[in-house]
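# Tertiary structure, described
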Amino acid sequence: MPTSVLIVDDSKLARLVVAKLLRQLRPDWEVVEAANADLAMSVMGDRPVDVALLDFNMPGKDGLELAADLRAAKPNMPIAVVSANIQDEIIARARSVDATFLAKPLTEEALAGFLSGAALRLRRAAS
């Protein structure tokens with residue numbers, strides 16, 4: 001079964017950009033999208049999701065609140081919080097829920113690094 005990545009961002013354009021980068025880097029991984037935290041949790045209830053890329057600034061629950069919910073549901077899931085808001089407090093909050101912080105605009109290099117770590121973490125959890 002392919003690795004499944006959930007991209008959560010209220011901007012459709014941002015989801016398209018991240019999905020395109022992801023498909024270039026990991027063409028064998030499946031991409032699932034959600035426009036907000038509530039839809040993300042609904043997707044999680046409907047299907048297996050292995051990795052999550054979450055926008056920080058969204059209406060309703062922000063990406064850090066969603067990361068905490070996902071961490072509670074799936075303790076070993078690789079999670080990244082993506083934001084143009086590069087403040088120490090946000091980076092520290094991401095780390096406090098064991099999530100990686102990635103700056104926007106998301107670069108191929110930053111995403112590749114996160115995905116490599118995610119693949120390693122998934123392999124370790126499976127063995």
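Up top you'll find the structure we're talking about.
Rules behind the numbers
Within any chain, residue numbers begin from 1 and follow the written order of that chain's sequence. Where local features are concerned, this predicted model is filtered to residues with pLDDT of at least 70; where side-chain atom pairs are given and counted, the filter is 80 or more; whole-chain, interface and lining totals use all residues. Side-chain metrics rest on all non-hydrogen atoms present in the structure, leaving aside hydrogens and water. Whether a residue is buried, partly exposed or exposed follows from its accessible area with a 1.4 Å probe, protein chains only, as a fraction of its type maximum: under 20%, in between, or over 50%, in that order. What counts as a helix is a DSSP run of H or I of at least four residues, what counts as a strand is a run of E of at least two, and both are numbered from the N terminus. Think of it this way: DSSP has to see at least two bridges between two strands before they count as a pair. Classification remark: right-handed applies to a crossover when, strands pointing away from the viewer, the course from the first strand over the helix to the second runs clockwise. Every definition here rests on a 1 Å grid over the protein atoms only: cavities are sets of points where a 1.4 Å probe fits but cannot get out, pockets are open sets enclosed by protein on both sides within 12 Å along at least five of seven lines, and lining residues have some atom within 4 Å of a point. Grid points are joined across faces, edges and corners, and a volume is the space filled by probe spheres set on the points. Note that Gly is not counted as nonpolar here; it falls among the polar residues with everything else outside the nonpolar set of Ala, Val, Leu, Ile, Met, Phe, Trp, Tyr, Cys and Pro and the charged set of Asp, Glu, Lys and Arg. The arc refers to the directions leading from the helix axis to the C-beta atoms. Any two residues whose heavy atoms approach within 4.5 Å are treated as being in contact. Throughout this description, a polar contact denotes any pair of N or O atoms lying within 3.5 Å of each other; where both atoms belong to protein, one of them has to be capable of donating a hydrogen while the other can accept it, and for residues adjacent in sequence the pair is counted only when both atoms sit in side chains.

### Quick notes on the pairing of strand 4 (residues 79-83)
For strand 4, the buried fraction is high: five of the five residues fall into the buried class. By the alternation rule, side chains of strand 4 split into I79, V81 and S83 and A80 and V82, which are all buried. Across four bridges, strand 3 (residues 51-55) lies against strand 4 in parallel orientation. Paired with L53 across the strands is A80, a residue of strand 4. With helix 3 (residues 63-73) bridging strand 3 and its parallel neighbour strand 4, the resulting β-α-β unit is right-handed. Where strand 4 and strand 5 (residues 100-103) come together, four bridges link them in parallel fashion. What sits directly across from A80, in strand 5, is T100. With respect to chirality, the unit in which strand 4 leads through helix 4 (residues 88-96) into the neighbouring parallel strand 5 is right-handed.

### Observations concerning the layout of surface pockets
In this structure, the largest pocket encloses a volume near 160 Å³. Forming the boundary of the largest pocket are 14 residues, of which D9, A14, V18, V82 and K104 lie nearest the centre. Contributions of two or more residues to the lining of the largest pocket are made by strand 1 (4-8), helix 1 (12-25) and strand 3. Among the elements that line the lining of the largest pocket, the one with the most residues is helix 1, at four residues. For the lining of the largest pocket, a count of residues per class yields ten nonpolar, no polar and four charged.

### Concerning helix 3
Among all positions of helix 3, only G63, L64, L66, A67, L70 and R71 are buried. Looking down the long axis of helix 3, one finds its buried residues gathered within 155° of arc, a one-sided arrangement. Along its buried surface, helix 3 packs onto strand 1, helix 2 (37-46), strand 3, strand 4, helix 4 and helix 5 (108-126). At the N-terminal boundary of helix 3, the capping side chain belongs to D62, with an oxygen 2.9 Å from the backbone nitrogen of L64.

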